[in-house]
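# Architecture and fold: a report
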Amino acid sequence: MTNILCIGAGYVGGPTMAVIAKHCPQHRVVVVDINEEKIAAWQSDQLPIYEPGLREIVFNIRGKNLFFSTEINRNIAEADIIFVSVNTPTKTFGQGAGRAADLQYWEKTARQILENSTTPKIVVEKSTLPVRTAEAMERILNFNDKGLHFDVISNPEFLAEGTAIQNMENPDRVLVGGRETPSGQEAVQTIVDIFEQWVPRERIITTNLWSSELSKLAANAFLAQRISSINAIANLCEKTEADVTEVAHAVGTDSRIGPQFLRASVGFGGSCFKKDILNLVYLCEYYGLPEVAEYWSQVVTMNEYQKANFVSRMVTALFNSVAGKRIALFGVAFKANTSDTRESPALTVCRGLLEEQAHVVITDPYALDNARASLSDVAEQVSFEPDPYAAAEDAHAIAVLTGWPQFAELDYETIHVNMIQPSFIFDGRNILDHKKLYEIGFNVYAIGKPPRTHFTN
Ligand code: NAD
Ligand code: UGA
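We now turn to the structure provided with this report. On a predicted model such as this, the values are computed, not experimentally measured, just so you know.

## Side note on the overall build of the chain
Along the chain, the regular secondary structure elements total 17 helices and 14 strands. Computed over its C-alpha atoms, the radius of gyration of the chain comes to 24 Å, within 12% of the 23 Å expected for a compact globule of 457 residues. Each of the three principal axes of the chain carries a C-alpha extent, and together these read 80 × 50 × 45 Å. Relative to its full complement of 457 residues, the chain shows a buried share of 54%. Taking as baseline every contact in the chain between residues at least 6 positions apart, the subset at least 24 positions apart corresponds to 73%. Put simply, the chain shows about 20,500 Å² of open surface, and 51% of that area lies on carbon and sulfur atoms.

## Some points on the site of ligand 2
The local shell around ligand 2 holds 20 residues, among which Phe158, Leu159, Glu161, Ser265 and Arg429 are the closest. The contact in question runs from an oxygen atom of ligand 2 to an N or O atom on the backbone of Glu161, over 2.7 Å. A distance of 2.8 Å separates an oxygen atom of ligand 2 from a polar side-chain atom of Asn220. Protein chains bury 92% of the 700 Å² of accessible surface belonging to ligand 2 in isolation. No other element matches helix α9 (residues 209–240), which puts four residues into the shell around ligand 2. Per-class residue counts for the shell around ligand 2 are eleven nonpolar, three polar and six charged.

## Things to note about the pairing of strand β5 (residues 121–125)
Within β5, five of the five residues are buried, which leaves the element mostly enclosed by the surrounding structure. Going residue by residue along β5, you find Lys121, Val123 and Glu125 tucked away on one face and Ile122 and Val124 tucked away on the opposite face as well. Relative to β5, strand β4 (residues 81–84) is paired through four bridges, and the arrangement is parallel. Its bridge partner lying in β5, Val84 is registered against Glu125. Regarding the hand of the β-α-β motif, the stretch spanning β4, helix α5 (residues 104–115) and β5 is right-handed. By the bridge criterion, five bridges tie β5 to strand β6 (residues 150–154) in an arrangement that is parallel.

## Considering the packing of aromatic side chains
By the definition in use, this model includes 18 aromatic pairs. Each ring, one from Phe268 and one from Phe273, has its centre 5.5 Å from the other, and the planes form 85°; the classification is edge-to-face. Phe273 carries the same exposure label as Phe268, and that label is buried. Across the ring face of Phe67, the terminal group of Arg28 is positioned such that the distance to the ring centre comes to 4.9 Å.

## A short note on the nonpolar core
Taken as a class, soluble globular proteins show a tendency for nonpolar side chains to be buried jointly. Core analysis: the biggest nonpolar cluster contains 63 residues, and Phe330, Leu353, Ile362, Tyr412 and Phe426 have the highest contact counts within it. With six residues, the top contributor of residues to this core is helix α13 (residues 345–355). Setting aside its immediate chain neighbours within four residues, Leu353 contacts Val311, Met314, Val322, Ile327, Leu329, Ala358 and Val360.

## Structural notes on the site of ligand 1
What surrounds ligand 1 is a group of 25 residues, the closest being Asp33, Lys38, Thr88, Glu161 and Lys275. Between ligand 1 and the protein, one listed contact pairs an oxygen atom with a side-chain N or O atom of Thr88 at 2.7 Å. Between an oxygen atom of ligand 1 and a main-chain N or O atom of Thr128, the distance comes to 3.0 Å. When ligand 1 is considered free in solution it has 830 Å² of accessible area, and contact with the protein chains removes 91% of it. Residue composition of the shell around ligand 1, by class: eight nonpolar, ten polar and seven charged.

What counts and what doesn't
- Residues numbered from 1 in each chain as written.
- Chains lettered and ligands numbered in written order.
- Predicted model: local features only at pLDDT ≥ 70, side-chain atom pairs only at ≥ 80, totals over all residues.
- Heavy atoms only, no water.
- Helix = DSSP H or I, 4+ residues; strand = E, 2+ residues; numbered from the N terminus.
- Rg over C-alpha atoms; globule rule 2.2 N^0.38 Å.
- Buried < 20%, exposed > 50% of the residue type's maximum accessible area, 1.4 Å probe, protein only.
- Contact = heavy atoms within 4.5 Å.
- Areas by Shrake-Rupley, 256 points an atom, 1.4 Å probe, with all protein chains shown as cover.
- Near = heavy atom within 4 Å.
- Polar contact = N/O pair within 3.5 Å; in protein donor to acceptor, adjacent residues only side chain to side chain.
- Nonpolar A, V, L, I, M, F, W, Y, C, P; charged D, E, K, R; others polar.
- Pairing = 2+ DSSP bridges.
- Right-handed = clockwise from strand over helix to strand, strands pointing away.
- Phe/Tyr/Trp six-rings, centres within 6.5 Å; stacked < 30°, edge-to-face > 60°.
- Lys NZ or Arg CZ within 6 Å of the ring centre and 35° of its normal.
- Core = buried A, V, L, I, M, F, W, Y, C linked by side-chain atoms within 4.5 Å.

Structure below.
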């Protein structure tokens, strides 16, 4: 039996360790966190995150070979392999503020591992980190007078929220990077052995440490770049009567380009894309590559523009003023099938509308608690309403900001009757039937499409 520990019981630590424990009944997997409430939730019937398929796995193996605990030091001492999956936010102060990764928690974790270790261990970087972080980690861990050797491995996570279990169960690839020394290669093999329990060997890629660290940042940058690229084209569509869905289809059917991640939207959100690209930008600057930094920086700039432009399009369409108007936001999660609201474009749109003195009502099937917390500073100006019909009642406009499929299934005839006329729908995810909505009587604005309005001039 191998004792596997994961430090950090968040969106990555929880689901990844649940899947590892499920497929490796011969190993004991413990997930620890400094957040006592979160651990209590992992131990309860109400898991701290919503992820399709997660409950079933956790409820099945919790207490057998999957454990959640706040006893970090004791579990470090007992572990053979330690995955570190703590958060790595953007630095808010000093050198690199607003771009570089804040690694203070990371370093503290390395020191805590060293302090509590009496046996050699494999330490796995699961968090997304700047390239060459493993070097600092190795130096801290191996500069010890205990005679202990630590191997540091990079095993970045590629799961997307909302499909975490599916992505873990059937990954496109698993990446394991390590040192090219005998002990480094042995450590790589130990991690490969875990994933090989359910992932075909040809999908497990092994590289050197730095390629592995950088591949994670590069993959996120490429994905976000596709969204910014199609959103840039969507802006041009809105001016030229081209339709971005048709353009994306025509472009994406080229097998060299591919169809995925070409859905134009109000902008990308989530805890990682912006943070990781800014981190990449900082690294490029740090290594004296300002042109490369500027190239990637544009992906974020385009995304900020997309969100701001959505608000401005709304205000313009609503006769240049939303002051005092009730506006219903359909969705506040950063994407469908998650309760996560981190960096959600809906929050930016909400704040933009509040600045224009609108009265904002937010509805979402799973994310209202997180939204309340994220918007606590403006709580008096926002209402939260679980029922979309009630949210839209007496509203001048609806803005669809999360692609929850249930929003496409609503009875828009009933919604329309109960709204202030003329009524507007702004579809920031292009999930609604725009023609039908227009026929019901709505004025319809979608991303990258000409507006359908009932006004003759
Ligand atoms: P998260 O905030 O959900 O979870 C991180 C957890 O670490 C928190 O519960 C926090 O309390 C805990 N923590 C922080 N410092 C700690 C310490 N010293 N000891 C014990 N626990 C500590 O973050 P996340 O979304 O799981 O992301 C973790 C990392 O994985 C980040 O680097 C992120 O970029 C990366 N990542 C995230 C996703 C995703 O979909 N969220 C996907 C791939 C990679
Ligand atoms: C993303 C990556 O997809 C994962 O591979 C990666 O592991 C993860 O970041 C991470 O490092 O944290 P995630 O942020 O969970 O996963 O969700 P995505 O599905 O990538 O969506 C990100 C944002 O882009 C969402 O706001 C989504 O609505 C938006 N999006 C996505 C679009 O606007 N258009 C698209 O075509 C696709």
